[in-house]
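Geometric and topological summary
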Amino acid sequence: MELKKIMVIGAGQMGSGIAQVVAQAGINVLLQDLTDDFLNRGLSRIRHNLDRQVQKGRMSAGEKEAILHRIELTTDVAAGKDVDMVIEAAVENMEVKKNIFTRLDDITPEHAILATNTSSLPITEIAAVTKRPEKVIGMHFMNPVPVMKLVEIIRGLATSDEVYQAVYDLALKLDKTPVEVNDFPGFVSNRVLMPMINEAIYTVYEGVASPEDVDQVMKLGMNHPMGPLELADFIGLDTCLYIMETLHEGFGDDKYRPCPLLRKYVKAGWLGRKTGRGFYRYDQQ
């Protein structure tokens, strides 16, 4: 199955990163978002990433321009009428994703693969709103996409072997390492990572240690490149909360219950780096 043109839904940090690596692999990209402002910000992020590669001597200015030339911007989902694949990277909300996949099912060609970059939501449930569940699959990239090698590939209940193989081969073409994961809440990455982050938040909540000291223990004692609370701020505390709620609901096990301090910070609007404050304070961009 040849993938000549891929549509990416969402030009945020994940979507723009996905669009960048797809274009770098020589594939034409249609990057879609709700407004021109979102799209321009996403393109600026891609341009900044590529400029850094040029400055480091890892690519030429001509290669950078060729990559940017492969990226087309649109606010119209209907522009995906001739794509071979869609990678959805919208907000981590089931109803939003279901609405998007219902529209994509009507708009895109019958042969098109519909992939979601969800970090925790059931692929089978998303696929059920389409008339092509065999062509729906999870393709979970890690953040930041241009740097991180892992892609979790998640089959839904009906995903065909042909579609799985096409997405596996695409991940290799994008210079990623694909890992097959079954369709369970949080998959592997967030099922392991988020409870660790949640437990780190509990240690602060219960007064065991400060955020700085919790992170220091994990960095120096466990050789983590980034402490769990610093990482939570990077991911976004609202995203962490949503994933913990998905795990809690999906498994019905109280070991996944979100820490009350996490809920309090989210209600306060302290979401981490993107709002300038989470467990740490940041200079506003």
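Since we're looking at a predicted model, the values are computed, not measured.

This part takes up the UniProt feature "domain: 3-hydroxyacyl-CoA dehydrogenase NAD binding" (unreviewed entry) in the protein chain. Summarizing the sequence annotation, UniProt attributes the feature "domain: 3-hydroxyacyl-CoA dehydrogenase NAD binding" (unreviewed entry) to residues 5–183 in the numbering used throughout. Note that residues 5–183 is 41% helix and 22% strand, and that its end C-alpha atoms are spaced 27 Å apart.

With that out of the way, let us pick up the domain arrangement of the protein chain. According to the domain assignment, the protein chain contains domain 1 (5–182) and domain 2 (189–275). Domain 1 and domain 2 are separated by 27 Å when their C-alpha centres are compared. Surface buried jointly by domain 1 and domain 2 totals about 680 Å² across both partners, of which 54% is contributed by carbon and sulfur atoms. The largest share of the area that domain 1 buries against domain 2 comes from Glu92, Ser119 and Ser120, three residues that together contribute 46% of it. At the surface where domain 1 touches domain 2, the tally comes to three residue pairs in polar contact (both at pLDDT 80 or more).

In this model helix 6 (residues 161–173) runs 18 Å from its N-terminal to its C-terminal C-alpha over 13 residues, within 8% of the 18 Å that 1.5 Å per residue would give. All buried positions along helix 6 are accounted for by Val163, Tyr164, Ala166, Val167, Leu170 and Ala171. End-on view of helix 6: buried residues confined to an arc of 165 degrees, all on one side of the axis. Exposed positions of helix 6 whose direction lies more than 90 degrees from the buried face are Asp161, Glu162 and Lys173. Among the structural elements, strand 1 (5–9), strand 4 (85–88), strand 5 (113–116), strand 6 (136–141), strand 7 (150–155) and strand 8 (177–181) are those in contact with the buried residues of helix 6. Once helix 6 finishes, Asp175 follows within two positions and takes phi at roughly 65 degrees, a positive value.

In this structure's numbering, the residues bearing the UniProt feature "binding site: NAD(+)" (unreviewed entry) are Gly10, Ala11, Gly12, Gln13, Met14, Gly15, Asp33, Glu92, Lys97, Ser119, Asn143 and Lys274. Setting aside anything within four residues of it in sequence, one finds Gly10 in contact with Gly15, Ser16, Leu31, Gln32, Asp33 and Ala89. Within the secondary structure, Gly12 sits in the loop between strand 1 and helix 1 (13–24). Sequence-distant contacts of Gly12, that is, excluding residues within four places in its chain, are made with Gly17, Asp33 and Arg45.

Interaxial distance between helix 8 (residues 211–222) and helix 9 (residues 228–235) falls to 7 Å at its minimum, and their mutual angle equals 105 degrees. It follows from the interaxial angle that helix 8 and helix 9 lie roughly perpendicular. Residues Pro211, Val214, Asp215, Met218 and Lys219 of helix 8 pack against Pro228, Leu229 and Glu230 of helix 9. Taken together, the residues of the contact of helix 8 with helix 9 break down into five nonpolar, no polar and three charged.

A few words on the packing of helix 10 (residues 237–251) against helix 11 (residues 260–268). How two helices sit against one another is set out by the angle between their axes and by the gap between those axes. For the pair helix 10 and helix 11, interaxial distance at closest approach is 9 Å and the crossing angle is 135 degrees. Considering their axes alone, helix 10 and helix 11 lie oblique with respect to each other. Where helix 10 crosses over helix 11, the two elements pack in a sense that is left-handed. On helix 11, the residues that touch Leu237, Asp238, Cys240, Leu241 and Glu245 of helix 10 are Leu262, Arg263, Tyr265 and Val266. Across the contact of helix 10 with helix 11, the residue classes tally to six nonpolar, no polar and three charged.

The full count for this structure, using the stated rule, is five aromatic pairs. Judged by centre distance (6.0 Å) and plane angle (40 degrees), the rings of Tyr164 and Tyr168 are tilted. Residue Tyr164 and its partner Tyr168 are both found in helix 6; the two are separated by four residues, about one turn of the helix. Grouping aromatic residues by their ring pairs yields a cluster made of Tyr265, Trp270 and Phe279. We note Arg155 situated over the ring of Tyr164; from NZ or CZ to the ring centre the distance is 4.3 Å.

Each value, and the rule that gives it
- Residues numbered from 1 in each chain as written.
- Predicted model: local features only at pLDDT ≥ 70, side-chain atom pairs only at ≥ 80, totals over all residues.
- Heavy atoms only, no water.
- UniProt positions renumbered as here; feature names shortened; annotations may be inferred.
- Helix = DSSP H or I, 4+ residues; strand = E, 2+ residues; numbered from the N terminus.
- Domains from an automatic or database assignment.
- Buried area = accessible area lost by both parts, 1.4 Å probe.
- Polar contact = N/O pair within 3.5 Å; in protein donor to acceptor, adjacent residues only side chain to side chain.
- Expected span 1.5 Å × (residues − 1).
- Buried < 20%, exposed > 50% of the residue type's maximum accessible area, 1.4 Å probe, protein only.
- Arc of directions from axis to C-beta.
- Contact = heavy atoms within 4.5 Å.
- Axes fitted to C-alpha atoms, helices over the stretch in contact; angles between N-to-C directions.
- Parallel < 35°, antiparallel > 145°, perpendicular 65-115°, else oblique.
- Nonpolar A, V, L, I, M, F, W, Y, C, P; charged D, E, K, R; others polar.
- Left-handed = near helix turned anticlockwise from the far one by under 90°.
- Phe/Tyr/Trp six-rings, centres within 6.5 Å; stacked < 30°, edge-to-face > 60°.
- Lys NZ or Arg CZ within 6 Å of the ring centre and 35° of its normal.

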